[in-house]
Amino acid sequence: MFIINCPFCGEREQSEFKAGGEAHIIRPKQPTELSDDEWAEYLFMRKNIKGVQFERWNHAHGCRKWFNVVRDTSNDEIKAIYKMGEKPPVE
Amino acid sequence: MIKNLRVKTGKAIDETYRISFKFNGNAYYGFKGDTLSSALLANDVHLVGRSFKYHRPRGIMTAGSEEPNAIVQLHDKSSRTEPNVRATEIEIYEGLEASSQNCWPSVKFDIGGINNFLSPLLPAGFYYKTFMWPSSFWEKYEYFIRKSAGLGKSPTEPDPDVYEHRYIHCDVLVIGSGISGIMAAKTAAKNGFKTLLVDEKPNLGGSTIYQNSDYFKINNQNSCSWLEKEINEIKKLTNLEIKIRTSVAAYHGYNFLLARENLTDHLPVEQRKDKTRHKLLKIRAKKVISATGSIERPMIFDNNDRPGILLSSAIKKYADFFGVACGEKNVLFTNNDSAYETAITLIQKGIDIEAIVDNREEIDSKLLYEVEKNNIKIFKGYTVTDTFGYKRINKISIKKLSKDGQKVVGSKISLSCDCLGVSGGWTPAVHLFTQSGGKLKFREDDQVFIPNTYPSDQLSIGSCAGDFTLDEILINTPKSLKEFFNIKNTEYDNLEVISSTNKSKRNIWLLPSDKVLGKTKSFVDYQNDSTAKDIKLALREGFRSIEHVKRYTTTGMGTDQGKLGNMHALGIISETAGAKMGELGTTTFRPPYTPLTFGTIVGRNVGEYFDIFRKTPIHNWHEENKAEFENVGQWKRAWYYPKENENMHQAVQRESKAARESAGILDASTLGKIDIQGTDASEFLNRVYTNAWSKLAIGKCRYGLMLNEDGMVYDDGVTTRLGENHYIMTTTTGGAANVMGKLEDYLQTEWPELDVYLTSVTDHYATVSVCGPNSKKIISEVIPDLDFSDENFPHMSFKNAKIGKINCRVMRISFTGEQSYEINIQANYGKSVWEKCMEAGKDYNITPYGTETMHLLRAEKGFIIVGQDTDATMTPIDLQMDWIVSKKKYDFIGKRSLYRSDTIRKDRKQLIGLLTEDPNEVLEEGAQIVADVNKSPIEMLGHITSSYYSPNLKKSIALGVVRGGKNMMGQKLIIPMEKKNINVTVADPVFLDKENKRLNAKL
């Protein structure tokens, strides 16, 4: 169980949060203009990296805010946390 | 005649306090401070159990939590009975009763012992090899395997004890209170850290606390006296919490640890009443110091498992700490200096030592010289080749080792003995360190794995870090602590130390024998009976990975997780396969370090607290009126209200008829309610629902269907426009929290530009729904000031109203197909409004109905229930609900997915109605739907999702999903059941009042 530093509430136990999958997958603005393959790419394709991964997390049992986490999935080390809409830190 | 093997007072023992206990039905006594094992040994009881596979007699081997053999069943006649308890850890108390496991009829005569003689037929992988063929026989084999598997017996009655969980946050957690742990805890606390010190034992001080010899001195005091003073000092520190009998079970990432604090197991049973038995401590520590010590290694030689063979360090502890001689004729067998520490203790206590057998040839050791002074014969360069004595060791054979240690040479010497102490050196207890994600390195000098890299803010010190001798510990511990705490000095920087241990060791993983390996029983894992032979067999059969060898031979898979023998297994694999130990690595250490009872894990979450549940404000009324309840999500919902002797079917038939013929009343408070406000609220609804919302007039209600982005139906419900920028959305009962989460997700991440605010108000309102042709009359009586005429208050509209002085919202919406009104009122008035409706409806036979009737009534109308008629593979088109999917809207969640190649397939499963040939035949929900039963294999077309007997239509009705069902209207299909095939016809899913006349019906 790791600790997440919610950008709105501060450090809290992981059990208060809900993971929301890969970050920075933007919903297409004109879905109707996409081919089946392009839409499927948005809909289904997600990375599952052993190593540093950009993820969405939600403080579900707290402020309910969504934010982004950069986490090393091999050891759960959190490299960075930033709000929605903010630019991801460059490695 | 029971012998008494007490020697001069043991440190832990209070000889003025006698305690009687029973083992295998025999009465014994011990003293306060004894463990079950020390008390048994004092009574000359070594044989305590039988091994798992061969049922070989086994004795107490250790004095700690690493014990593989002495695991017993406690209190087998009570609901407190507990299997697999280590006798070495139980402190005796008045009335303790324990018995041996895995033996029948008794530990002294065990029928299963025949397996020992059959052992050539029971090689590694025996079960895998034997019971594979023919596969159809597995069920028969399993019956017998299950019967013989397992060690103790689990209790069959509910656990009468109370368990608790506690969170602890501290700056520094120190695990283990041996000499290095005490030094660490004191240093931490004195430097201002809020510190927690835990130890699994009932006392502090580890093994140093009974190291009372002139050969081990600190600042000119015997090391035990020095440590005792330190312990007295730390007990006075205010920012140090000390917990004994507390075993750390798990060490997770980010310094999160679980520990079990044992509070009552050492008390007589009658004193445990009203006390918490165990506490599960959930510890979050900023810094963790592991001072978990080390475990002495046994030696691997033929018949190394007989009762009377103990670890040399255990013999020392029993003598020094408990005042117990493990035998009257002791032989020690060693490859290092530790056994001489034991020898010196035995000499001090006047316990006879026959001889010491040492693998090493040339040994320059002060301890050894002291032993030699006492005329004890030391066989240097020798090894034990065999042992004798079935239920207790009585003789050993020894032989000279060849130069390379691979063979035995010369002639055999026999030594008689009743106790053999073995010491194969020490293995650092790195279990918790590796659980935390720490990586080990292999130290070739003495063949040990020690901590290398730390994954979190933590430190290993003392013998778990590979410092085995007193001088190493006292030099390295302060050094490590200074670096770890970033402090300039500790009070231990200039200690004067006398430590007499010679560090040489002659490590031979598998000792040679004069027999061929196949004829030996050299146990590596005592509890699971796996031998060196088994491991070599696994390697011959092609297993290479340590993890595979472990599972094939079951080495290290007992309740002790192979704390004693795992290193030898690795060593044997390394030697046989020619691989380096460091490269082989260890098997994965998994929590818990020692077993936990289920009670500890569950804590207070038992019985009605097992899973929390939610009650509506009207719950008590339902209870008073004998409702049966069903669980919907976390809610308890009234299911049906049986009258007198009615069964569920009869009650539901009555309730359903009443609702259609006059009036029914339903508690709909559990439906999710989300308050939506903001200037973009309409736009938001446009995006999340499939249909259009912009033009919904204020005061009107609309049914909406919500999809996932993949086009599948996610939730549904009615949303009402309360004002220009104000809506109230209802969701399904079970989906409320998820819908709220999903909407928040889109608002915060995809459409942050929208001015919309969501608030969950599910708990704030109680909802009373009155339906049926007489509903208007009833509701008008409850709210006399409101004009209920169809002109003023048509179907799918809402009015603000007052009941007395209390504001409420009334929606005219219907899930039953009847004219229907829903009163939403502040939750705490829910019950009184419900009662008012009941009162007003008395003359109309108003009938409370539960979820089952609600389901039946909506099925008559062909209304779906998300989650019952859908299963995350159904699009609105599959549900024949094309009408609700806006063609005009540019986008909404899931729109694009509705014309993917897969979602436009003609042969998708589609919702249809089904009528049975025999109107009284009610189909089974979940039953398969087929067209042709003669073809093999039978092609499955779909399944039934909802099925009822409709009292209003006087026939059986069902909803189902069938491949290409949309175009099968009127077609005959078959429901194949176990005993018969049922003929059905595909029908319109709307069975009743297709024209919706009843919504406005007047009586």
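Look a little higher up for the structure.
As the structure is a computational prediction, the values presented were derived from the model and not from experiment. (Residues numbered from 1 in each chain as written. Chains lettered and ligands numbered in written order. Predicted model: local features only at pLDDT ≥ 70, side-chain atom pairs only at ≥ 80, totals over all residues. Heavy atoms only, no water.)

**Here's the deal with the sheet that holds strand β6 (residues 77-83) of chain A**
Alright, step 1. The four strands are arranged β3-β4-β5-β6 (chain A) in an open sheet whose pairing can be described as antiparallel. Lying at the two open borders of the sheet, with one neighbouring strand each, are β3 (18-22) and β6 of chain A. Put simply, the sheet's adjacent strands are angled 35 degrees from each other on average, direction ignored.
Alright, step 2. Pairing of β3 of chain A with strand β4 (residues 52-58) of chain A involves three bridges; the strand directions are antiparallel. Bridging from a neighbouring strand, Glu 22 of chain A pairs with Glu 55 of chain A of β4 of chain A.
Alright, step 3. Across the sheet, helix α20 (residues 736-750) of chain B is in contact with β4 and β5 (66-72) of chain A; its angle to β5 of chain A comes to roughly 85 degrees. (Pairing = 2+ DSSP bridges. Helix = DSSP H or I, 4+ residues; strand = E, 2+ residues; numbered from the N terminus. Axes fitted to C-alpha atoms, helices over the stretch in contact; angles between N-to-C directions. Contact = heavy atoms within 4.5 Å.)

**Section: the pattern of salt bridges**
Residues and elements named next belong to chain B.
Alright, step 1. Summed over the entire model, instances satisfying the criterion amount to 69 salt bridges over all chains.
Alright, step 2. Close ionic contact of Lys 287 with Asp 457 constitutes a salt bridge, the shortest N to O distance being 3.3 Å. Taken as a pair, Lys 287 in strand β15 (residues 276-290) and Asp 457 in the loop between β27 (448-453) and β28 (458-460) lie far apart in primary sequence, 170 residues in all.
Alright, step 3. The class for Lys 287 is buried, based on a relative accessible area of 15%.
Alright, step 4. Beyond isolated ion pairs, a larger network of salt bridges with shared partners links Lys 186, Lys 190, Glu 230, Glu 233 and Glu 491. (Salt bridge = Lys/Arg side-chain N within 4 Å of Asp/Glu carboxyl O. Buried < 20%, exposed > 50% of the residue type's maximum accessible area, 1.4 Å probe, protein only.)

**Some points on the environment of Gly 582 of chain B**
Residues and elements named next belong to chain B.
Alright, step 1. Position of Gly 582 relative to the elements: it lies in helix α15 (residues 581-584).
Alright, step 2. Here Gly 582 falls in the partly exposed class, since its relative accessible area comes to 44%.
Alright, step 3. When the C-alpha positions of Gly 582 and Leu 440 are compared, they lie 8.7 Å apart, and in sequence the two are 142 residues distant.
Alright, step 4. When residues no more than four places from it in sequence are discounted, the contact partners of Gly 582 are Phe 442 and Phe 449.

**Side note on the interface of chain A and chain B**
Alright, step 1. Facing 27 residues of chain A, the contacting portion of chain B comprises 29 residues.
Alright, step 2. Between chain A and chain B, the buried area comes to about 2,300 Å², and carbon and sulfur atoms account for 47% of it.
Alright, step 3. Linking chain A with chain B are five salt bridges.
Alright, step 4. For Arg 284 of chain B, the salt bridge goes to Glu 13 of chain A, with nearest N and O atoms at 2.5 Å.
Alright, step 5. The set of elements that each furnish at least two residues to the side of chain A that touches chain B consists of α1 (36-44) and β6 of chain A.
Alright, step 6. Tallying contributions element by element places α1 of chain A first for the side of chain A that touches chain B, with five residues.
Alright, step 7. Looking at the side of chain A that touches chain B, its residues break down into 14 nonpolar, three polar and ten charged. (Buried area = accessible area lost by both parts, 1.4 Å probe. Nonpolar A, V, L, I, M, F, W, Y, C, P; charged D, E, K, R; others polar.)

**Comments concerning the packing of helix α5 (residues 179-190) of chain B against helix α11 (residues 470-485) of chain B**
Residues and elements named next belong to chain B.
Alright, step 1. Contact geometry of α5 with α11 gives a least axis separation of 10 Å together with a crossing angle of 30 degrees. Taken together, the axes of α5 and α11 lie roughly parallel to each other. Like other packed secondary-structure pairs, α5 and α11 cross with a definite hand, here right-handed. Contacts between α5 and α11 involve Ile 179, Ser 180, Met 183, Ala 184, Thr 187 and Ala 188 from the former and Leu 470, Ile 473, Leu 474, Thr 477, Pro 478, Leu 481 and Phe 485 from the latter.
Alright, step 2. Here the contact of α5 with α11 is composed, by residue class, of ten nonpolar, three polar and no charged. (Parallel < 35°, antiparallel > 145°, perpendicular 65-115°, else oblique. Left-handed = near helix turned anticlockwise from the far one by under 90°.)

**Examining the sheet that holds strand β44 (residues 847-848) of chain B**
All names here are of chain B.
Alright, step 1. The six strands are arranged β41-β42-β43-β40-β34-β44 in an open sheet whose pairing can be described as mixed. Pairing within the sheet leaves two strands with one partner each, and these edge strands are β41 (797-803) and β44.
Alright, step 2. On the sheet, helix α21 (residues 775-782) packs against β40 (765-771), β41, β42 (806-812) and β43 (820-826) and is oriented at approximately 25 degrees with respect to β43.

**Digging into the state of the cysteines**
All names here are of chain B.
Alright, step 1. Counted according to the given criterion, the structure contains zero disulfides over all chains.
Alright, step 2. Cys 224 forms no disulfide, and the closest cysteine sulfur to it belongs to Cys 326, at a distance of 19 Å.
Alright, step 3. When its relative accessible area of 4% is taken as the criterion, Cys 224 is described as buried.
Alright, step 4. Note on Cys 417: no disulfide assigned, nearest cysteine sulfur contributed by Cys 419 at a separation of 7.6 Å. (Disulfide = S-S within 2.5 Å.)

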